[in-house]
Amino acid sequence: MSKTLLAGYVIWGGFLFILFSLRPKSFLHGITLEKTSRAAKGLTAAVFIFTVLLCVLPMGLSPSYNGENPDYMNQYELLARSLSNGHVYIDYDDIDPKLLALDNPYDPEARKAAGVSFHWDHSFYKGRYYMYFGVVPVFLLFLPYQLVTGDSLTTYHATQVFVLLFICGIFALFYKLSKLFFKNLSLALYLSLSAAFCAVSVWYSVSAPALYCTAISAAICMEVWSLFFFIQAVYGNHEEKRRILFAFFGSLFGALTFGCRPPIALANLLVLPLLAEYIKNRKLTPKLIGQLALAALPYLVVGVLMMMYNYVRFDNPFEFGQSYQLTIADQSHYGNFLSRFEPQKTFKSIGAFFAAFTPMTDQFPFVSFRGILLNFPILGFSIFGIFSKKVRRGLRETHTLSLAGFLFLLPVLIAFADVLWAPTVLERYRSDIYWLACILCFFITGFFYRNIPERASRVFGSLLSVWAILTICKCILLFLVPYDYNFTFYYVEKLEKIRKILMLGRGVGLY
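These numbers were taken from a predicted model, which means no experiment stands behind them.

Observations concerning the packing of helix α8 (residues 187–207) against helix α19 (residues 431–450)
Argument step 1. Two elements in contact, α8 and α19, have axes separated by 8 Å at closest approach and are oriented at 165°. Regarding the angle of α8 to α19, the classification is roughly antiparallel. Our pair here, α8 against α19, has a crossing hand that is right-handed. In this structure, α8 uses Leu189, Tyr190, Leu193, Phe197, Val200, Ser201, Trp203 and Tyr204 to contact α19, whose residues at the interface are Ser431, Tyr434, Trp435, Cys438, Cys441, Phe442, Thr445 and Tyr449.
Argument step 2. Looking at the contact of α8 with α19, its residues break down into 13 nonpolar, three polar and no charged.

Dropping the structure here:
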């Protein structure tokens, strides 16, 4: 038996075994998170480890992202070196005089006409290069690594760390939501949705892990932990001092998001319904106001530090560097956020975030990017579920209706910000909202599950668990699409080998 044929049998055999284990009569649908055995905890650990390995290990495959051909993808590393040398600009000794001579160096046509040599996708201001990506990952990982080891941390390793912590956050958040609001959720559904929604949230980062996705993965990592701590503060059964401590950490992680990727930081608006719920049955005394101010202190401190950082670089506390980018478009006029608002074009672009009808490809893996809801239809269950009266009643009973409303609103708001802040909408921008759509879907699914009879819940849980497994398979297929200098972009011949494995090889006469 050939190795290809053997690998095919192993893959398909494992896949069928997973599907069999998720059948409605499986014991996994009879175990709830309240009544987990040692074996169930071991299974949870195994699924968690599998999810981490699936999302982290493939990041080092592409030479464009693993440090072999760094090009401009090593800006975090270079900035860490600059900060260790006491300045915030990136040290380049090859600044082209023709770039300095241009009246508008941010105009790509002017640069092309003048034959300018420049560093792509950097900010350029007063004769110096800067990194416009958020600096928080530098202070959290790159600079400490540089100071301790004396070497630079390869950027994709930072993305691996943030993705790992994000996965931890998703498993922890979903567990906490289940324990608080739908304790009857089956172990099978919790594990399958947790693994699938982790993969959905980071699949693009797995393929293109350096620079852009370092910022994205850092931001969604901060936000998911921010939400976890805020949920603990508002709905957890804790004493007042501990609630304030949880809120403080929620504010800290939420504030740090602004220094990773500002559009994702708009998710901090989730604080509003949570704060309203927290103070609803409390009297606004000076003591409570002081406690809330203490909990919100990280937003003030981090905000001031970021404005100081921006002022040192660009003489403007509110300038992150976008106006001075050397990239595909002149963004020097983007400072006026709403000046680019054109209703028809803007709303069409926002719609493309969720449903973009691009044609299927004629080569393996035969998939293309079609927007959030078309890439992963399972996320559309949120829209279906919210029309259930039992779901809405459950949201009202648990005082989470306004939270669910904000979870529906925020993906649209972040998409709106991305459309107006960027010259063109790219596939990676959808990563700004995948994670929110996943949290919303889990939230609505949990309330739907808790209000259906036990027998029906087994069938529903089985179907949705299988759908989640198929969603993970879709993430793998999207990873195999050659694009953006990812692994298969360089090694298209690998697709043929994978196709042979999936089709069980020529030996069985399937092609």
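Section: the packing of aromatic side chains
Argument step 1. One pass over the full model with this rule turns up 44 aromatic pairs.
Argument step 2. The interplanar angle of 75° and the centroid separation of 5.3 Å between the aromatic rings of Trp225 and Phe228 together place this pair among those described as edge-to-face. Here Trp225 pairs with Phe228, and both are found in helix α9 (residues 212–235), just three residues apart, close to one helical turn.
Argument step 3. Here Trp225 falls in the buried class, since its relative accessible area comes to 17%.
Argument step 4. Phe228 sits in the buried class, given a relative accessible area of 12%.

Focus: the environment of Asp71
Argument step 1. Relative to the helices and strands, Asp71 resides in the loop between α2 (38–56) and α3 (75–84).
Argument step 2. Considered as a pair, Asp71 and Val302 are 231 residues apart in the sequence and their alpha carbons are 31 Å apart.

Notes on α8
Argument step 1. When the terminal C-alpha atoms of α8 are compared, their 30 Å separation across 21 residues agrees well with the 30 Å that a helix rising 1.5 Å per residue should span.
Argument step 2. The principal kink in α8, of about 50°, is found at Ser201.
Argument step 3. The buried fraction of α8 is high, at 21 of 21 residues.

A short note on empty space enclosed by the protein
Space left empty within the atom packing is revealed by a probe, the size of a water molecule, rolled over the atoms.
Argument step 1. Counting across every chain of the model gives three cavities of 30 Å³ or more.
Argument step 2. Along the walls of the largest cavity sit Tyr132, Phe133, Gly134, Val135, Phe258, Gly259, Met306, Tyr309, Asn310, Arg313 and Phe320, which together make up its complete lining.
Argument step 3. At four residues, helix α13 (residues 286–314) tops the list of elements feeding residues into the lining of the largest cavity.
Argument step 4. Split by residue class, the lining of the largest cavity holds seven nonpolar, three polar and one charged.
Argument step 5. The computed volume of the second largest cavity comes to approximately 40 Å³.
Argument step 6. Taken together, Glu223, Ser226, Leu227, Phe230, Ala267, Asn268, Leu270 and Val271 form the lining of the second largest cavity.
Argument step 7. Here the lining of the second largest cavity takes four residues from α9, the largest share from any one element.
Argument step 8. Looking at the lining of the second largest cavity residue by residue, the class counts come to five nonpolar, two polar and one charged.

Some thoughts on the environment of Ser64
Argument step 1. By the element assignment, Ser64 lies in the loop between α2 and α3.
Argument step 2. Distance from Ser64 to Asp484, taken between C-alpha atoms, is 9.3 Å for residues 420 residues apart in sequence.
Argument step 3. Leave out the neighbours within four places in its chain, and Ser64 touches Asn69, Met73, Tyr485 and Tyr490.

Focus on the nonpolar core
Argument step 1. Counting residues in hydrophobic clusters, the biggest one holds 161 residues, and the most contacted among them are Val138, Phe197, Leu379 and Phe443.
Argument step 2. No other element matches the 19 residues that α9 contributes to this core.

Focus on the layout of surface pockets
Argument step 1. Approximately 1200 Å³ is the volume found for the second largest pocket.
Argument step 2. Lining the second largest pocket are 49 residues, with Tyr132, Arg261, Gln322, Gln325 and Trp421 sitting closest to its centre.
Argument step 3. Put simply, the parts of the chain that give the lining of the second largest pocket at least two residues each are α9, α10 (240–258), α11 (262–265), α13 and α18 (401–421).
Argument step 4. For the lining of the second largest pocket, the element with the highest residue contribution is α13, accounting for six residues.

Reading the values: the criteria
- Residues numbered from 1 in each chain as written.
- Predicted model: local features only at pLDDT ≥ 70, side-chain atom pairs only at ≥ 80, totals over all residues.
- Heavy atoms only, no water.
- Axes fitted to C-alpha atoms, helices over the stretch in contact; angles between N-to-C directions.
- Helix = DSSP H or I, 4+ residues; strand = E, 2+ residues; numbered from the N terminus.
- Parallel < 35°, antiparallel > 145°, perpendicular 65-115°, else oblique.
- Left-handed = near helix turned anticlockwise from the far one by under 90°.
- Contact = heavy atoms within 4.5 Å.
- Nonpolar A, V, L, I, M, F, W, Y, C, P; charged D, E, K, R; others polar.
- Phe/Tyr/Trp six-rings, centres within 6.5 Å; stacked < 30°, edge-to-face > 60°.
- Buried < 20%, exposed > 50% of the residue type's maximum accessible area, 1.4 Å probe, protein only.
- Expected span 1.5 Å × (residues − 1).
- Bend = angle between axes of the 7 residues up to and from the residue.
- 1 Å grid on protein atoms, 1.4 Å probe; cavity = no way out; pocket = protein on both sides within 12 Å on 5 of 7 lines; lining within 4 Å.
- Points joined across faces, edges and corners; volume = space filled by probe spheres on them.
- Core = buried A, V, L, I, M, F, W, Y, C linked by side-chain atoms within 4.5 Å.

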